[in-house]
Structure formats: C-alpha cells, structure tokens
Amino acid sequence: MNYETVIGLEVHAELKTNTKIYCGCINEFGGEPNTHTCPICSGMPGTLPVLNKRVVDFAIKAGLAMNCSITQYSKQDRKNYFYPDLPKAYQISQFDLPLCQNGYVDIVVNGETKRIGITRIHIEEDAGKLVHDDYANCSIADYNRCGVPLIEIVSEPDLRSPEEAHVFLETLKTILEYTEVSDCKMQEGSLRCDVNLSLRPEGQKEFGTRCEMKNINSFRAAVRSMEYEQKRQTEVLSNGGIINQETRRWDDVKGESIVMRTKEDAQDYRYFPEPDLLPMIISDEWIEEIRSTIPELPEQRKSRYISEFGLPEYDAFLLTSSKKTADYFDETVSLGASPKAVSNWMMGDIAKFINDKELEAGDIPFAPAQLKALIDLIEKGTISNSAAKKVLAEMFAQPEEPEKIVERLGLSQVSDEGALMAMVQEVLAQNPQSIVDYKAGKDRALGFLMGQIMRVSKGKANPQVINQMLKEALDKA
Amino acid sequence: MNISKEEVLHVAKLARLKFTDAEAEALAKDMESIIGFANKLNELDTEGVVPTAHAIPMHNAFREDVVTPSYDREAMLQNAPSKEDGGYTVPKVVE
C-alpha cells in the first residue's frame with residue numbers, strides 16, 4: 001500500500017528584543033553563566049513579571065507578515081511542569097487566546113505555489129540551559145536564557161513531504177529575518193522546531209496517528225528526522241503494526257529517534273490564566289501602526305527583481321532568500337552598478353567564497369561600493385574578467401580597495417595599441433605555419449594565435465583589442 | 001463530586017508530593033468538599049458571559065524594552081544549596 005505523509009511543524013523563534021520578556025535583563029546570546037539574571041528571570045519567590053511591550057509588537061508583526069488575524073483580547077497562561085532549566089516550575093505561555101491566529105504562508109516547491117496554514121502564533125518565555133556533568137552525575141544550570149522572549153509558530157498539518165517542510169522552514173526564516181523580529185541564528189539556537197508526522201493510506205481522509213519529534217537543532221536535522229520517521233512508520237504499517245502516539249527524541253549523531261514518552265505518560269500541564277499578568281487589548285490603531293512598519297517581504301522583492309531588473313526567477317529567488325544578501329544587492333545597484341553584473345557576481349564567485357568560508361549568507365567582508373568599483377574596472381576595460389576573479393579573492397582575504405589590488409598585483413590590461421601591436425607582430429613572426437593555416441580557413445589557428453599573444457602579455461592584453469588587431473594583421477599578411 | 005484515591009495520587013505526583021494511603025484517603029474527602037464548593041459556581045447561568053481572564057479589571061500593563069543591570073552572580077547564587085562553575089548544581093535529569 002502507498003502512504004501519504006502528513007507533517008505539521010511547531011517553530012520556536014527567539015525575538016530580537018533588547019531585554020527579556022518579563023524583566024530588564026539583557027537579551028543576549030552567550031555570556032558567562034548566570035550573569036544575565038535577576039530575581040525575576042531566575043524565579044525567586046515574591047517577584048512579579050512585567051511584560052515587555054516590544055515582545056507584543058514583534059509577535060503581531062510576525063503574525064501580520066504571515067497573514068494572521070490578531071486576537072484583540074489576548075492573555076497569558078501558566079504551563080506547569082518540573083524541569084531544572086525552568087526555575088519557576090512553570091512557563092508563562094499562551095493557551096486559548098494566542099496573539100495571532102488563522103494565517104498562512106505561501107511556499108514554492110518545484111515551481112508550484114502551495115499555501116500552508118498557520119494555526120497560531122503565541123508568545124512565551126524560553127528556559128535556561130543545562131550542562132550535564134557525567135562525572136559528578138549532576139547538571140549545572142545556567143539561567144541566562146531564562147525569560148528570553150519566544151514566539152511559537154504552529155502550522156496546520158498541510159505539509160506532505162520532508163521537502164515541503166524544509167521549504168516551509170526556509171520561508172518562515174526569511175520572513176522572520178525580513179521583519180527583523182528574530183535574527184534566526186541557527187547555531188545559537190534562536191530558531192528551533194518540533195515535528196509532527198503521520199502517515200495515512202493514499203486517498204484516506206482521516207489523519208493517521210502522529211508522532212512528535214523533539215530535540216531538532218537544524219533544518220538539516222529536521223529533514224533527516226522526518227525522512228527517518230517516514231520510513232519507520234511505513235515499515236510498522238506495512239507489517240500490519242499500529243503507530244502509537246508518542247514523543248520521540250531525535251539523535252542527530254546516530255541518525256535515529258527513540259521514544260521519549262508515550263501517550264500514557266504524556267505531560268499534564270494544567271494550564272491556567274496567569275494571575276501575575278493582565279490581559280492585553282490590542283486596538284485597531286496599534287495593529288495598523290505595526291502593519292506600517294512591515295517592509296517589502298521576500299515574495300514582493302523577488303517580483304520586483306524580475307520586473308524591474310529583468311533577472312531570471314531563480315536568480316531573483318536566491319538573491320532574496322536572505323535579507324542581508326538582498327540588501328547588499330539593492331545597495332550596490334543603487335550606487336549605479338548594472339543589476340545583471342551585480343547579480344552574476346553575487347550568485348557566482350561571491351556565493352562560492354561564502355560557501356567555502358562557511359559564512360552566513362550575505363556576510364560579505366567588503367562594502368557594496370567596493371563591489372561596484374570592481375565591476376567598474378571590468379566595464380572600463382582596466383582588468384579582464386579573469387583578473388577580476390583574482391581581485392575578488394584578495395578582497396575576501398583582506399580589506400583593500402580593488403584599484404589598489406589591481407596595482408599591487410599588476411593586473412591592468414594592456415590596451416595601448418603600440419605595445420599590443422608589437423606583441424601581435426612578435427607572435428606572427430614566430431608562427432608562420434599558423435598564418436598559412438588561417439588563410440586555409442582553419443579557425444583553430446586564430447584561437448591558437450590569440451592564446452600565444454595572451455601568454456606573451458602574461459594575460460594582461462585586452463582580448464577585444466588584440467582580437468581585432470590580430471584579424472587585421474592576418475588579412476594583411 | 002467523587003474524588004478517588006487514584007486522582008489524589010495523580011495530583012500528588014504532579015506536585016511531587018508523596019502520601020501514605022491513609023493520607024490520600026483523607027485528602028480525597030477534603031478535595032471532594034473543596035471541589036464541591038467550587039462547583040457551586042456551575043449552578044449559575046453564565047450564558048453570554050465572557051470568561052474572566054483576570055480578577056482585576058485592568059489591561060495592558062507593559063514595560064519599555066530598556067536594559068537594566070542584571071544582578072551580581074555571587075549575589076544570585078548565594079542561596080543556592082549547591083553551586084559549581086558559576087551555575088546552580090541540580091540533579092541530573094535527562095529527558
């Protein structure tokens with residue numbers, strides 16, 4: 001039997017606020033353990049939380065960018081559980097009145113647009129970090145991350161393959177970056193996700209029993225865990241077995257997931273309205289004020305690149321898939337560089353350097369003005385395309401103006417006609433047979449002679465100029 | 001309202017409390033009367049009444065997103081029963 005895969009995701013994004021959600025401690029990754037804490041975020045008895053307004057602003061902004069309706073009467077709730085990374089023994093979250101509901105995000109998979117429903121987006125606080133000490137059989141708790149603001153984005157079970165889920169995650173990440181509510185640094189854990197996956201026989205309407213996967217630390221791990229779970233459930237069902245609803249822990253090193261808890265011992269969170277915090281009333285004016293701060297989103301920007309600059313769809317997609325990259329592109333173009341040339345450099349050699357050096361997309365070590373200067377040098381004929389590649393490599397190595405690099409490495413093209421003519425004559429004198437071949441209609445001879453002249457000039461001859469000169473000289477010979 | 005001993009033990013487990021059978025049975029009786037008392041509210045007609053999110057009729061108490069200094073780590077840790085490397089040592093729980 002063939003099975004259809006059904007996936008829903010829960011994505012947690014840390015918000016880029018200055019301070020934590022309920023106290024004025026700095027919201028900053030890292031820091032010595034327990035140096036970003038106070039009695040509120042470390043859960044001392046008798047303290048009271050006060051909600052950071054920007055957290056509400058950011059959640060609404062993300063919600064609007066994902067086409068949600070904003071809950072105008074919203075509240076926070078207590079989710080109770082014991083775990084040493086949560087000093088209060090409860091997490092303040094939202095239960096039945098999340099700030100944003102019923103939205104959607106359009107994703108493009110294999111050239112086709114698909115709409116994925118967003119069930120809800122709510123605000124909550126992050127927990128601390130535990131460092132396990134195997135030797136002493138204890139853990140050391142660091143509460144710096146306690147109270148860092150999060151939004152949890154819950155998708156509808158609209159995704160039908162790990163690939164679709166991957167594109168959805170990338171699309172969410174781009175929207176969060178563009179709206180500047182999260183910096184989405186995967187390696188710092190500021191974007192994390194839980195996966196719900198089930199299978200159902202093809203054509204069946206009802207969903208099958210789902211399993212939830214936790215401890216997924218990268219998009220790659222998310223995709224691997226989904227592929228693993230797809231395979232596991234297919235095997236169980238094909239052998240006549242049944243899927244038990246359970247929570248599984250993904251082990252990325254072993255590439256497998258193991259049962260963490262079954263339905264029988266599912267957590268009983270006993271949510272109740274948070275008595276220490278007041279409800280929120282979100283006015284129409286407030287919503288409109290936030291709506292006006294939403295920048296051009298990736299989809300719109302992509303369309304603009306296609307219509308305004310005539311870029312191919314694929315190029316426009318790649319350039320806009322990271323805000324930093326798109327901003328860099330726009331800035332270089334606004335300085336007067338040709339959009340096509342900028343796009344070619346950014347998607348070609350620059351992208352390659354970024355990959356090789358494992359930098360984040362758009363982390364280009366030189367300014368847009370310097371990229372423009374490099375493109376100008378090619379267009380003016382000062383350097384050849386291949387010399388420009390060498391200059392670019394230098395620009396990645398250390399900050400230096402492209403003109404200075406050209407000078408330092410002696411990469412200027414020779415366009416001086418007298419000097420070039422001497423080289424042409426020299427090469428022709430050394431290769432009489434090639435002249436005969438050329439006259440006999442062998443085009444290869446022209447390429448050979450061009451190559452010889454480039455060699456004599458140490459690659460610095462302007463190819464357009466010598467091509468012309470060589471043809472003229474051959475006609476006369 | 002009937003509360004079984006098992007329900008008492010479930011709630012006790014969630015609260016990390018331990019009771020003997022005799023204690024649990026006595027608590028079942030107490031909880032019956034407490035919940036029975038709260039259940040009296042169900043006798044009211046609440047048709048058309050919005051659920052109460054908070055007992056105080058106020059809303060939108062916010063703080064501006066301005067950093068205030070965190071506490072000194074030594075001060076934070078001074079009541080910790082056990083500490084190590086600038087952190088609170090806790091029993092190892094791996095879920």
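Sequence order as written defines the numbering, with residues in each chain counted from 1. As they are written, the chains are lettered A onward and the ligands numbered 1 onward, keeping that order. Selection of residues for local features in this predicted model requires a pLDDT of at least 70, selection of side-chain atom pairs for listing and counting requires 80 or more, and totals for whole chains, interfaces and linings are taken over all residues. Hydrogens are left out, water is left out, and the side-chain values use all remaining heavy atoms of the structure.

A look at the overall build of chain A
Note the cut-off: Strands here mean DSSP runs of E at least two residues long; helices mean DSSP runs of H or I at least four residues long; both are numbered from the N terminus. With the radius of gyration taken over C-alpha atoms, the globule rule is written as 2.2 Å times the number of residues to the power 0.38. The classification of residues rests on relative accessible area computed with a 1.4 Å probe and restricted to protein chains. Under 20% of the type maximum is buried, over 50% is exposed, and intermediate values are partly exposed. The contact criterion used throughout is that any non-hydrogen atoms of two residues lie within 4.5 Å.
The helix and strand tally for chain A stands at 15 helices and 17 strands. On C-alpha atoms alone, chain A measures out to a radius of gyration of 30 Å, which is more than a quarter above the 23 Å that the 2.2 N^0.38 rule sets for 477 residues. Taking the principal axes of the C-alpha coordinates as reference, chain A spans close to 95 × 55 × 55 Å. Split into buried and exposed, the 477 residues of chain A put 51% on the buried side. A separation of at least 24 residues holds for 69% of the contacts in chain A among residues at least 6 apart in sequence.

Examining the side chain of A:Asn52
With respect to the helices and strands, A:Asn52 occurs in strand 2 (residues 51-52). In this structure A:Asn52 comes out as buried when scored by relative accessible area, which is 0%. Not counting residues up to four positions away in its chain, the partners in contact with A:Asn52 are A:Thr17, A:Thr19, A:Lys20, A:Ile21, B:Arg63, B:Glu64 and B:Asp65.

A short note on the packing of aromatic side chains
Quick note on the threshold: Planes of paired rings set the category: under 30 degrees apart is stacked, over 60 is edge-to-face and the rest tilted, where pairs are Phe, Tyr or Trp rings (Trp by its six-membered ring) whose centres lie within 6.5 Å.
Under the criterion given, the structure shown has eleven aromatic pairs over all chains. Here the aromatic rings of A:Trp286 and B:Phe62 are separated by 5.7 Å at their centres, their planes lie at 75°, and the arrangement is edge-to-face. Of this pair, A:Trp286 sits in helix 4 (residues 284-291) while B:Phe62 is found in strand 1 (residues 62-63), placing the two residues in two different chains. The exposure class of A:Trp286 is buried, given its relative accessible area of 9%. Its relative accessible area of 22% is what places B:Phe62 among the partly exposed residues. Feature note: the residues A:Tyr81, A:Phe95, A:Tyr269 and A:Tyr271 constitute an aromatic cluster, connected by ring pairs.

Topic: the sheet that holds strand 16 (residues 272-273) of chain A
Within a sheet, each strand pairs with its neighbour through backbone hydrogen bonds, oriented either parallel or antiparallel. Residue and element names in this part refer to chain A. We apply this condition: When DSSP locates at least two bridges between a pair of strands, those strands are taken to pair.
The three strands are arranged 6-5-16 in an open sheet whose pairing can be described as antiparallel. Single-partner strands in this sheet number two, and they are strand 6 (90-93) and strand 16. Strand direction decides the pairing type here: strand 5 (residues 77-80) and strand 16, joined by two bridges, are antiparallel. Following the sheet pairing, Asp77 is matched in strand 16 by Pro273.

Let's talk about the interface of chain B and chain A
The test is simple: Accessible area, probed at 1.4 Å, shrinks when two parts are joined; the buried area is that loss added up over both. Salt bridge criterion: a side-chain nitrogen from Lys or Arg within 4 Å of a carboxyl oxygen from Asp or Glu. Whenever two N or O atoms come within 3.5 Å, that pair is a polar contact, provided that in protein one can donate a hydrogen and the other can accept it, and provided that, for residues adjacent in sequence, both atoms are side-chain atoms. Under the convention adopted here, Pro, Cys and the residues Ala, Val, Leu, Ile, Met, Phe, Trp and Tyr are nonpolar, Asp, Glu, Lys and Arg are charged, and Gly plus all remaining residues are polar.
Listed per partner, the contact involves 34 residues of chain B and 56 residues of chain A. For the pair chain B and chain A, the two sides together bury roughly 3900 Å², of which 58% comes from carbon and sulfur. Inspection of the chain B/chain A interface yields one salt bridge. B:Asp65 is the partner of A:Arg54 in a salt bridge, and the nearest nitrogen-oxygen pair spans 2.9 Å. Our count for the chain B to chain A interface comes out at 21 residue pairs in polar contact (both at pLDDT 80 or more). Here the side of chain B that touches chain A gets five residues from one element, more than from any other, and that element is strand 3 (residues 87-91) of chain B. Grouping the constituent residues of the side of chain B that touches chain A by class yields 16 nonpolar, nine polar and nine charged. Two elements, strand 2 of chain A and strand 1 of chain B, share two bridges in a ladder whose sense is parallel. Bridge pairing in strand 1 of chain B places A:Leu51 opposite B:Phe62.

Observations concerning the nonpolar core
Across soluble globular proteins, nonpolar side chains have a tendency to be buried as a group. Residues and elements named next belong to chain A. Put simply, the rule is: Here, the term nonpolar core denotes a set of buried Ala, Val, Leu, Ile, Met, Phe, Trp, Tyr and Cys residues that are joined through side-chain atoms within 4.5 Å. Segment limits for the domains were obtained from an automatic or database-derived domain assignment.
Judged by nonpolar contacts, the single largest core of 97 residues is most densely connected at Met66, Ile151, Leu176, Ile350, Leu371 and Ile383. The leading source of residues in this core is helix 1 (residues 53-65), at eight residues. Taken domain by domain, this core gets at least three of its residues from each of domain 1 (3-289) and domain 2 (298-409). Here Ile383 is in contact with Leu374, Leu377, Ile378, Ala388, Val391, Val406, Leu411, Ser412 and Gln413, once residues within four sequence places are set aside. The next biggest cluster of nonpolar side chains, apart from the first, holds 18 residues, and it includes Tyr438, Ile453, Met469 and Leu470.

Looking at the domain arrangement of chain A
Residues and elements named next belong to chain A. Looking at chain A, the domain boundaries give domain 1 (3-289), domain 2 (298-409) and domain 3 (417-476). Centre-to-centre separation of domain 1 and domain 2, based on C-alpha positions: 36 Å. Each partner contributes residues to the interface: domain 1 has seven residues there, and domain 2 has nine residues. Summed over both sides, the interface of domain 1 with domain 2 buries roughly 690 Å², with 53% coming from carbon and sulfur. Per-residue buried area on domain 1 facing domain 2 is highest for Thr174, Glu177 and Tyr178; these three make up 64% of the total on that side. Along the contact surface separating domain 1 from domain 2 lie one salt bridge. Two residues, Glu180 and Lys323, come together in a salt bridge whose shortest N-O distance is 3.7 Å. Seen at the junction of domain 1 and domain 2, the total is one residue pair in polar contact (both at pLDDT 80 or more). Of the residues forming the side of domain 1 that touches domain 2, the biggest block, four residues, is contributed by helix 2 (residues 162-178).

A closer look at the sheet that holds strand 11 (residues 149-155) of chain A
All names here are of chain A. The cut-off we apply is this: Axis definition: a line fitted to C-alpha atoms, over the contacting stretch in the case of helices. Angles run 0 to 180 degrees between N-to-C directions.
Spatially, nine strands are ordered 3-7-8-11-1-12-13-14-15 in an open sheet, and the strand pairing comes out mixed. One side of each edge strand has no neighbouring strand; the edge strands of this open sheet are strand 3 (69-70) and strand 15 (256-262). Of the pairings in the sheet, the one linking strand 14 (residues 246-251) to strand 15 comprises six bridges and is antiparallel in character. The residue of strand 15 that forms the bridge with Trp250 is Ser257. Sheet strands touched by helix 1: strand 3, strand 7 (100-109), strand 8 (112-125) and strand 11. Its angle to strand 8, the strand with the most contacts, is close to 165°. Here helix 3 (residues 219-238) sits on the sheet in contact with strand 1 (3-14), strand 12 (191-201), strand 13 (211-216), strand 14 and strand 15, set at roughly 25° to strand 12.

Notes on the pattern of salt bridges
All names here are of chain A. Summed over all chains, the structure comprises 40 salt bridges over all chains. Arg78 is the partner of Asp276 in a salt bridge, and the nearest nitrogen-oxygen pair spans 3.4 Å. On the criterion of sequence distance, the pair formed by Asp276 in the loop between strand 16 and strand 17 (280-281) and Arg78 in strand 5 is long-range, its members being 198 residues apart. Judged by relative accessible area, which is 29%, Asp276 ranks as partly exposed. Of the charged contacts, one joins Lys352 and Asp356 as a salt bridge, the two residues approaching to 3.2 Å between their closest N and O atoms. Of this pair, Lys352 and Asp356 both sit in helix 8 (residues 339-356), four residues apart, which is roughly one turn of the helix. For the pair formed by Lys352 and Asp356, the shared burial category is exposed. One connected set of salt bridges, linked through shared partners, spans Glu180, Glu296, Arg301, Arg304, Lys323, Asp327 and Asp330.

Let's talk about the confidence of the model for chain B
Note the cut-off: pLDDT gives the predictor's per-residue confidence on a scale running from 0 to 100.
When pLDDT is averaged along chain B, the result is 92; 99% of the residues meet or exceed 70. Ranking the elements of chain B by mean pLDDT puts helix 1 (residues 5-14) of chain B last with 91 and strand 1 of chain B first with 98.

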